[in-house]
Amino acid sequence: MAQFTVNAVRLDPYKNFKFRVRWDGRDVAGVSKVGALKRTTEVVKHRDGGDFSSSRKSPGRTEYEAITLERGVTHDPEFEAWARKVWNYAAKPLEGGESSLKDFRKDIRIQVYNEAGQVVLAYNVFRCWVSEFQALPELDANGNAVAIEYIKLENEGWERDDQVKEPTEPQLP
């Protein structure tokens, strides 16, 4: 069985509940769920005229799926402020305030932690912008749940930060 390079006795994969999202050089408050990082490359089929029975396949365009960020509704205006940079409802039409073209895109960073709180993985996501914003969920007087806001981030790709190496895990005495 393949083993971790630094922590050879570790057999458990990392958990999905210890993570942070960063943008503008700081942690984003209260993010409770991050959508999957997923990319898909189209398949281009082609065939030579002399090939009688089979096609060949090669890679085509690669698309990066949107990422959703969810968190409980609070007074923190970060999600809404970013969404407003893409489309500002209060702006007067044709006066240049509908969209903040200079800074409506951001690079974000997603960090995954081990159980000891050490960063074990990090991904940088490039040129994100808010394509969907939910300020309030459906409200239900008979419900028993946290009110969740979310943003959907379109992006132009992501890559793993190779500078983040497997840390030596601590051992309690």
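Conventions and cut-offs
- Residues numbered from 1 in each chain as written.
- Predicted model: local features only at pLDDT ≥ 70, side-chain atom pairs only at ≥ 80, totals over all residues.
- Heavy atoms only, no water.
- Helix = DSSP H or I, 4+ residues; strand = E, 2+ residues; numbered from the N terminus.
- Contact = heavy atoms within 4.5 Å.
- Polar contact = N/O pair within 3.5 Å; in protein donor to acceptor, adjacent residues only side chain to side chain.
- Phe/Tyr/Trp six-rings, centres within 6.5 Å; stacked < 30°, edge-to-face > 60°.
- Buried < 20%, exposed > 50% of the residue type's maximum accessible area, 1.4 Å probe, protein only.
- Patch = residues over 30% accessible without salt bridge, like charges linked within 9 Å, V, L, I, M, F, W, Y side chains within 5 Å.
- Areas by Shrake-Rupley, 256 points an atom, 1.4 Å probe, with all protein chains shown as cover.
- Salt bridge = Lys/Arg side-chain N within 4 Å of Asp/Glu carboxyl O.
- Pairing = 2+ DSSP bridges.
- 1 Å grid on protein atoms, 1.4 Å probe; cavity = no way out; pocket = protein on both sides within 12 Å on 5 of 7 lines; lining within 4 Å.
- Points joined across faces, edges and corners; volume = space filled by probe spheres on them.
- Nonpolar A, V, L, I, M, F, W, Y, C, P; charged D, E, K, R; others polar.

Section: the environment of Glu78
Its place among the elements puts Glu78 in helix H1 (residues 78–86). With 49 residues separating them in the primary sequence, Glu78 and Arg127 have C-alpha atoms 17 Å apart. The residues contacting Glu78, other than those within four sequence positions of it, are Trp23, Arg26 and Arg71. Among the polar contacts made by the side chain of Glu78, one reaches the side chain of Trp23 at a distance of 3.2 Å.

A word on the packing of aromatic side chains
As enumerated under the stated definition, the model contains five aromatic pairs in all. Residues Trp23 and Phe79 carry aromatic rings whose centres are separated by 6.1 Å and whose planes lie at 40° to one another, so their mutual orientation is tilted. Within this pair, whereas Trp23 is found in strand E1 (residues 19–23), its partner Phe79 is found in helix H1, the two being separated by 56 residues in sequence. With relative accessibility at 2%, the residue Trp23 sits in the buried group. Arranged with centres 6.4 Å apart and planes meeting at 70°, the rings of Phe104 and Trp129 form a pair that is edge-to-face. With Phe104 in the loop between H1 and strand E7 (106–113) and Trp129 in strand E8 (residues 119–134), this residue pair connects regions lying 25 residues apart in the sequence.

Quick look at a nonpolar patch on the surface
A surface patch of nonpolar side chains, amounting to about 290 Å² of accessible area, comprises Val73, Leu136 and Leu139. With respect to the secondary-structure elements, Val73 resides in the loop between strand E6 (67–72) and H1.

Structural notes on the pairing of E1
Regular strands show a simple pattern: their side chains alternate between the two faces of the sheet. Here E1 runs beside E7; their pairing, made up of five bridges, is antiparallel. Residue pairing in the sheet places Val21 in a bridge with Ile110 of E7. The pairing of E1 with strand E2 (residues 26–27) spans two bridges and is classified as antiparallel. Each bridged residue has a counterpart across the sheet, and for Trp23 the counterpart in E2 is Arg26. The loop that links E1 with its antiparallel partner E2 comprises two residues; one of these, Asp24, has a positive phi angle of about 55°.

Observations concerning the layout of surface pockets
As a volume, the largest pocket reaches approximately 350 Å³. As for the largest pocket, its lining consists of 14 residues, and the residues nearest its centre are Asn16, Val34, Gly35, Ile110 and Val112. Elements with a minimum of two residues in the lining of the largest pocket: strand E3 (31–34), E7 and E8. Taken together, the residues that form the lining of the largest pocket break down as nine nonpolar, three polar and two charged.

Thoughts on the pattern of salt bridges
Applying the stated criterion to the full structure yields 16 salt bridges. Residues Arg71 and Glu149 are paired through a salt bridge, measuring 2.8 Å at the closest nitrogen-oxygen approach. Separated by 78 residues along the polypeptide, Arg71 in strand E6 and Glu149 in strand E9 (residues 148–154) bring together distant segments of the chain. Looking at Glu149, the relative accessible area reads 5%, which means it is buried. With a closest N to O distance of 3.6 Å, Glu80 and Arg84 form a salt bridge. You can see Glu80 and its partner Arg84 sitting in helix H1, four residues apart, about one turn around the helix. Assessed through its relative accessible area of 39%, Glu80 is described here as partly exposed.

Details of the environment of Arg84
Residue class for Arg84 comes out partly exposed when judged on its relative accessible area of 40%. When the C-alpha positions of Arg84 and Gln111 are compared, they lie 26 Å apart, and in sequence the two are 27 residues distant.

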